[in-house]
Amino acid sequence: MEYGLIGEHLPHSFSKEIHEQLADYTYDLHELTPDALDGFMREKAFKAINVTIPYKRDVMAYLDEISPSAKEIGAVNTIVNRGGRLSGYNTDMLGMQALISRIGLDLTGKTVLILGTGGTSHTAQYVAKHLGAGKVVTVSRSGRGGSVTYEDAPRLYPDAAVILNTTPAGMYPNVDAQAIDLSLFPALEGVADVVYNPLRTQLVQQAHALGLPAEGGLYMLVGQAVAAVEIFLDRKLDPDALDKVFQAVFADKESIVLTGMPGSGKTTVGKLLAEQLGRRFYDSDDEITSRTGRTPNEIIRADGEAAFRDVERDVIAALSLEPGCVIATGGGAILREENIRHLRANGRIFFLDRKPEDILPTDDRPLSSDRAALKKRYDERYPIYTATADSVIPVTGSPEDVAAAIRKELAR
């Protein structure tokens, strides 16, 4: 391996595709068990590597020199082999600074809460102090080592203006986890979350729901990679490299989610989009049939709508973990808030608004089997469709026209 990443578990890392867009080299993901780290570091069979959990501190013992900032932080994520001498750096801090700047957060004189006390927490503390934070407080479950507990943080620091999450809470596959309830902090101005998979954690989604600027960790990941590549190759990249690669990776990972009434064309348009964009396609109703051996109609008639919605919830939760796909949802999927949270974690939601007079009722849709029932469902659901969508796409032309309208929105 000449260039790459070492860590204990790397199956869902985005680093390979990021580095290979930034530089002309092959970037390998190299998983190491703890007992294999010593041999790897002593062999020095690499030109330059990045380091992730859980080795950012452990590798420091093998380095001939460490940058002042990495020493102060107490963690190294970038190592360069120069003729057998290993030099260590911390580019995570530059990525975090870039993320905070992108969100538009001003830490000057503010109280900043940092969730977690691990290696990334040390980086966040360093960054917060260097950006002029008035008070930097770490939050942990135990409250040991000078931190406060999650239970005490709202009471002790109601003036917290910025929250930086450095814990894995909400990270794939445990996407429903959330370290703290943001509504408990009345002075909060914004949130940065280092978790990048999914693209939008529950924490980030709650911040958005509260009207607060917030973003996940993908921009930080690309930012630290840009800094690492510059150290690897000893040259500066184009100033716009960070934004270009971030936008490309985000677009590749973000799923397209189609909502709308039964018969609005979600499946037809979804298949067309998937073919045009080279993405996987899923129809949630078809997935329900595949997994249960029964159609939605059969489940509703035999067990009732509530039982069907439970099955639908589980299927949508599973589909939402798949990045970069196209998902056509059932007509009533938007009725449960948890479905929207799951779909929005990695997805951008498009409501296909086809008027009820243009939809043909069919017997295989028990909740909209005649025109009166269909019109009633449309009127009931319309406010939810529009409120939960990122874009409303009128369905007035052909499926090709609708797909083109969605692609136009995606390009904005």
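From a predicted model like this one, the values you see are computed outputs, not experimental measurements. (Residues numbered from 1 in each chain as written. Predicted model: local features only at pLDDT ≥ 70, side-chain atom pairs only at ≥ 80, totals over all residues. Heavy atoms only, no water.)

(A) Examining the sheet that holds strand E13 (residues 255-259) more closely. In space, the five strands of this open sheet follow the order E14-E15-E13-E16-E17, with parallel pairing throughout. Two strands bound the open sheet, and with one partner strand each, they are strand E14 (281-283) and strand E17 (391-394). Between one strand and the next, the sheet's axes are offset by a mean angle of 25°, whatever the strand orientation. Each of E13, E14, strand E15 (326-328) and strand E16 (347-353) touches helix H10 (residues 266-277); the most contacted strand, E13, lies at about 165° to it. Sheet contacts for helix H14 (residues 337-346): E13, E15 and E16; angle to E16, the most-contacted strand, approximately 120°. (Pairing = 2+ DSSP bridges. Helix = DSSP H or I, 4+ residues; strand = E, 2+ residues; numbered from the N terminus. Axes fitted to C-alpha atoms, helices over the stretch in contact; angles between N-to-C directions. Contact = heavy atoms within 4.5 Å.)

(B) Fine view of the sheet that holds strand E7 (residues 111-115). The six strands are arranged E9-E8-E7-E10-E11-E12 in an open sheet whose pairing can be described as parallel. Looking at strand neighbours, the two that pair on one side only are strand E9 (148-149) and strand E12 (214-215), the edges of this open sheet.

(C) The arrangement of the nonpolar core in detail. Core analysis: the largest hydrophobic core is formed by 50 residues, its most contacted members being Ile 18, Leu 22 and Leu 218. The greatest single-element share of this core, amounting to ten residues, is contributed by helix H8 (residues 218-233). If we skip the residues at most four places from it in the chain, Ile 18 touches Leu 218, Leu 221, Val 222, Ala 225, Val 245 and Val 249. Ile 300, Ile 327, Ala 333 and Ile 349 belong to the second largest nonpolar core, which has 23 residues in total. (Core = buried A, V, L, I, M, F, W, Y, C linked by side-chain atoms within 4.5 Å. Buried < 20%, exposed > 50% of the residue type's maximum accessible area, 1.4 Å probe, protein only.)

(D) Inspection of the environment of Pro 262 at higher detail. Inspection of the secondary structure assignment puts Pro 262 in the loop between E13 and H10. Of the residues examined, Pro 262 reaches a relative accessible area of 17% and is grouped as buried. Spatially, the C-alpha atoms of Pro 262 and Met 41 are 58 Å apart, while their sequence positions differ by 221 residues.

(E) The environment of Asp 92, seen in detail. Its location among the elements puts Asp 92 in helix H4 (residues 92-103). Asp 92 sits in the buried class, given a relative accessible area of 7%. Along the chain, Asp 92 and Ser 398 lie 306 residues apart, while their C-alpha atoms are 48 Å from each other. Once you skip the residues sitting within four places of it in the chain, Asp 92 turns out to touch Lys 56, Asn 77, Thr 123, Met 220 and Gln 224.

(F) How the structure looks around the environment of Arg 371. Note on placement: Arg 371 falls in helix H15 (residues 371-388). Along the primary structure Arg 371 and Leu 360 are separated by eleven residues, whereas in three dimensions their C-alpha atoms are 7.6 Å apart.

(G) Expanded view of the pattern of salt bridges. Evaluation of the coordinates by the stated rule reveals 26 salt bridges. Arg 102 serves as the salt-bridge partner of Glu 215, at 2.8 Å between the closest nitrogen and oxygen. Here Glu 215 is found in strand E12, whereas its partner Arg 102 is found in helix H4, with 113 residues between them in sequence. Using a relative accessible area of 17% as the deciding quantity, one classes Glu 215 as buried. When the shortest N-O distance is used, the salt bridge between Glu 254 and Arg 200 registers 2.4 Å. On the criterion of sequence distance, the pair formed by Glu 254 in the loop between helix H9 (241-253) and E13 and Arg 200 in the loop between strand E11 (190-193) and helix H7 (202-209) is long-range, its members being 54 residues apart. Comparing Glu 254 with Arg 200, the two get one shared label, buried. Residues joined by salt bridges that share partners form a network here, namely Asp 310, Arg 313, Asp 314, Arg 336 and Glu 338. (Salt bridge = Lys/Arg side-chain N within 4 Å of Asp/Glu carboxyl O.)

The values reported here are purely geometric and, on their own, carry no functional implication.
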